[in-house]
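So you can see what is in the structure, the chains are spelled out below.
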Amino acid sequence: MLYIGVTSDLYRRMAEHDQGLVEGFTRKYGVKVLVYYEFFDTMPEAIQREKSLKEWHRAWKVRLILGANP
């Protein structure tokens, strides 16, 4: 499973997912490994990128991940 989300505190958010504290997709599917991330100067920029990535086909996302994290 690939999960795309946005946060202002990556370390806190990862801990929440790892401990199963976040209801929904990540808990349901046991998503716990971070494979890719991007930083943005503003939250609106990050949210726009999140929305864009969520529209991508899975294969495009996998290529993005493998290109940065082989």
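Residues numbered from 1 in each chain as written. Predicted model: local features only at pLDDT ≥ 70, side-chain atom pairs only at ≥ 80, totals over all residues. Heavy atoms only, no water.

When pLDDT is averaged along the protein, the result is 93, and 100% of the positions lie at 70 or above. At the low end of the mean pLDDT range in the protein sits helix α2 (residues 25–29), at 89; at the high end sits helix α3 (residues 43–55), at 98. (pLDDT = per-residue confidence, 0-100. Helix = DSSP H or I, 4+ residues; strand = E, 2+ residues; numbered from the N terminus.)

Moving on to the pattern of salt bridges. Following the criterion strictly, the structure yields six salt bridges and no others. Arginine 12 is the partner of glutamate 16 in a salt bridge, and the nearest nitrogen-oxygen pair spans 2.7 Å. Note that glutamate 16 and arginine 12 are positioned in helix α1 (residues 10–18) at a spacing of four residues, about one turn of the helix. The partly exposed category is assigned to arginine 12, whose relative accessible area is 36%. Lysine 54 is paired through a salt bridge with glutamate 50; the nearest N and O atoms lie 3.2 Å apart. Here lysine 54 and its partner glutamate 50 are both found in helix α3, four residues apart, which amounts to about one turn of the helix. You can call glutamate 50 buried: its relative accessible area is 13%. One salt-bridge network, in which partners are shared between bridges, spans Asp9, Arg12, Arg13 and Glu16. (Salt bridge = Lys/Arg side-chain N within 4 Å of Asp/Glu carboxyl O. Buried < 20%, exposed > 50% of the residue type's maximum accessible area, 1.4 Å probe, protein only.)

Here the focus is a nonpolar patch on the surface. A grouping of Met1, Tyr3, Phe25 and Tyr29 is seen on the molecular surface, where their side chains present a nonpolar patch of about 400 Å² in accessible area. Tyrosine 3 gets classed as partly exposed once you look at its relative accessible area, which sits at 34%. (Patch = residues over 30% accessible without salt bridge, like charges linked within 9 Å, V, L, I, M, F, W, Y side chains within 5 Å. Areas by Shrake-Rupley, 256 points an atom, 1.4 Å probe, with all protein chains shown as cover.)

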